[in-house]
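# Architecture at a glance
Chain residues, written in single-letter form:
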Amino acid sequence: MEKFDIAIIGAGPGGYVAAIHAAKNGKKVALIERDKLGGACYNVGCIPSKILLEHSKLVQAINRGNSWGIETDNVKINFPRLMQRKDTIIQELLTNIEHYIINNHITLYRGEATLTKDLLITVGNETLTASDIILATGSKPYVPPFEGLESATYFTTDTFFNLKELPAQLTIIGGGVIAVEMAFSLAPLGTKITMLNHSEDILQTEEPEARPLIREKMKKLGIELITDFQFEKFEGHTIHTTKGIYTYENLLFATGRRPNTEIAQHLELTFEGRLIAVNEHLQTSQPHIYAIGDLVGGYQLAHSASAEGIYAVDYIMGNQPALIDQASIPRCVYTHPEIATFGLLEEQVKVPYTMTKMPLQTNPKALMEGNTEGFVKLITKEGSGQILGACVVGDGATEMLNAILAAKNSGGTALSLAQMIFPHPTVSEHIGDTAKAVFGKAIHQ
Ligand SMILES: Cc1cc2nc3c(=O)[nH]c(=O)nc-3n(C[C@H](O)[C@H](O)[C@H](O)COP(=O)(O)OP(=O)(O)OC[C@H]3O[C@@H](n4cnc5c(N)ncnc54)[C@H](O)[C@@H]3O)c2cc1C
């Protein structure tokens, strides 16, 4: 039986990153994966969804170009080629991950892992053991048990990215980040989207001031949004709700995810609801078993899983890493415009604060690009200018936010951002002017 320093179960963005980090620090590492490397993120999550969104962004850019005088004939969508492009990119990324694993001398076991309390791991006919184990088994789509659902045919995000034809119509159940991104990825290609979201509004976990912009854009894209109702039952291709009966050709559930905790069934681990309970060091109730990523609380995001993987490895090695600051974890919605946020929303701030917001309408680069929907918003502590939270809404917001985050993480304040010299013309220079506005000294206001 082979013995490892660290064994990691699950090779998603949590597990494979943890494995590489541990190997680069001289540890003997086993990584076990039952399916494809890269986990949900690379195969049925972040990567395929963002590739589809890039296609839809390009169609929107072509449409903008037409209105500027760059005239193109009818845009035709060759959906199988778009999907082929998606598969090629994913394959390239997975091959890269495999190379990193080989180059770092990580022992990769292919198969379903089971685990006993005394840290014995079984994969098929093989048994291995390790001084420390990191559980990184991720999550799967959740479909609520609606009445009559057995009569419906539907996709989840686990099956949707295998589509062969562009759907003429798609009804999406849900109103969170994934549901909204899926709507934005297909509507510009020509799919007629209906979104059924039983709660009052979409994107309820995101910046409230971003929501009207996204709703407005959804309207422009012809996405029908139905909110604030109760589901009654599903009957074949019809959905009965308290607001009316809706028919669909294709149906996608984007109604959240549930952790893959089957791995913990022979362990006496403590749970917090459905999630595995961990302390601030990501240790479960069994000291040599750690859990990271979608299995534990915090943001269910790929970069959060990776950061936790690196933290757990550093902690195991006794490096006393700095605790992960949830307020420094960026949250991104890749709609058009994008929404990128970190730290506190206004409603969460408990100290005296200043909210400063500047719309992009006056930004020269945003005007040139025809992308003026959006704003830069800073929430700073009154007096010190400490950055408590930030939100950028706009084209490229997910890249722009990093400038504010870098300032915050290196101890900078609103003053540091106000003093920074941004290149002109860029949309990012709006960050500098918004920071100046914190002190009432914005130039373009
Ligand atoms: C449509 C969609 C879009 C998303 N977009 C983004 C985005 O843009 N940005 C972002 O940050 N996040 C995004 N996410 C979320 C992101 O995909 C997850 O937060 C992330 O994948 C979690 O990483 P993880 O390593 O915890 O788990 P996973 O990626 O789920 O990986 C877990 C791995 O463990 C394996 N496994 C499970 N059980 C066992 C076992 N017993 N033995 C062996 N292997 C096992 C699984 O096969 C899987 O490969 C998106 C998710 C979806 C569904």
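Analysis parameters
Residues numbered from 1 in each chain as written. Predicted model: local features only at pLDDT ≥ 70, side-chain atom pairs only at ≥ 80, totals over all residues. Heavy atoms only, no water. Core = buried A, V, L, I, M, F, W, Y, C linked by side-chain atoms within 4.5 Å. Buried < 20%, exposed > 50% of the residue type's maximum accessible area, 1.4 Å probe, protein only. Helix = DSSP H or I, 4+ residues; strand = E, 2+ residues; numbered from the N terminus. Contact = heavy atoms within 4.5 Å. Phe/Tyr/Trp six-rings, centres within 6.5 Å; stacked < 30°, edge-to-face > 60°. Lys NZ or Arg CZ within 6 Å of the ring centre and 35° of its normal. UniProt positions renumbered as here; feature names shortened; annotations may be inferred. Pairing = 2+ DSSP bridges.

## Observations concerning the nonpolar core
Within the largest apolar cluster, 36 residues are counted, with the highest numbers of intra-cluster contacts made by Ile172, Ile193, Ile214 and Ile339. For this core, the elements supplying multiple residues, two or more each, are helix H3 (46-68), helix H4 (79-103), strand E8 (169-173), helix H6 (177-186), strand E9 (192-197), helix H7 (211-220) and strand E23 (387-394). Leave out the neighbours within four places in its chain, and Ile214 touches Val180, Phe184, Ile202, Leu203, Thr335, Pro337 and Ile339.

## Some points on helix H12 (residues 429-438)
Counting buried residues in H12 gives nine out of ten residues, a clear majority hidden from the surface. Along H12, the residues classified as buried are Glu429, His430, Ile431, Gly432, Asp433, Thr434, Ala435, Ala437 and Val438. Packing partners of the buried residues in H12 comprise strand E21 (353-359), strand E22 (375-381), helix H10 (397-409) and helix H11 (414-419). The positive-phi residue at the C-terminal boundary of H12 is Gly440, with phi of around 70 degrees.

## A few points about the packing of aromatic side chains
Here the structure, examined in full by the defined rule, presents 13 aromatic pairs. For the pair Phe146 and Phe231, a centre-to-centre distance of 4.7 Å together with 50 degrees between the ring planes defines the contact as tilted. Here Phe146, found in the loop between strand E7 (139-141) and helix H5 (157-160), pairs with Phe231, found in strand E11 (residues 231-235); they are 85 residues apart in sequence, far enough to count as distant. With relative accessibility at 21%, the residue Phe146 sits in the partly exposed group. Put simply, the rings of Phe146, Tyr154, Phe229, Phe231, Phe234 and Phe253 touch in pairs and so form one group of aromatic residues. The ring of Tyr142 has Arg258 lying over it, and the distance from NZ or CZ to the ring centre is 3.5 Å. Directly above the ring of Phe375 sits Lys357, whose terminal nitrogen or CZ lies 4.7 Å from the centroid.

## Some details on the UniProt feature "domain: Pyridine nucleotide-disulphide oxidoreductase dimerisation" (unreviewed entry) in the protein
Cross-referencing UniProt, the feature "domain: Pyridine nucleotide-disulphide oxidoreductase dimerisation" (unreviewed entry) maps to residues 329-433 in the present numbering. Annotation note: span residues 329-433, helix share 29%, strand share 30%, distance between end C-alpha atoms 24 Å.

## Focus: the pairing of E8
In the case of a regular strand, side chains alternate between the two sheet surfaces. Within E8, five of the five residues are buried, leaving the element largely enclosed by the surrounding structure. Of the two faces of E8, both are covered, the one formed by Gln169, Thr171 and Ile173 as well as the one formed by Leu170 and Ile172. Inspection of the sheet shows E8 paired to E9 by five bridges, in the parallel sense. In the strand pairing of E9, Ile172 is matched with Met195. Inspection of the sheet shows E8 paired to strand E14 (residues 251-253) by three bridges, in the parallel sense. Bridging from a neighbouring strand, Ile173 pairs with Phe253 of E14.

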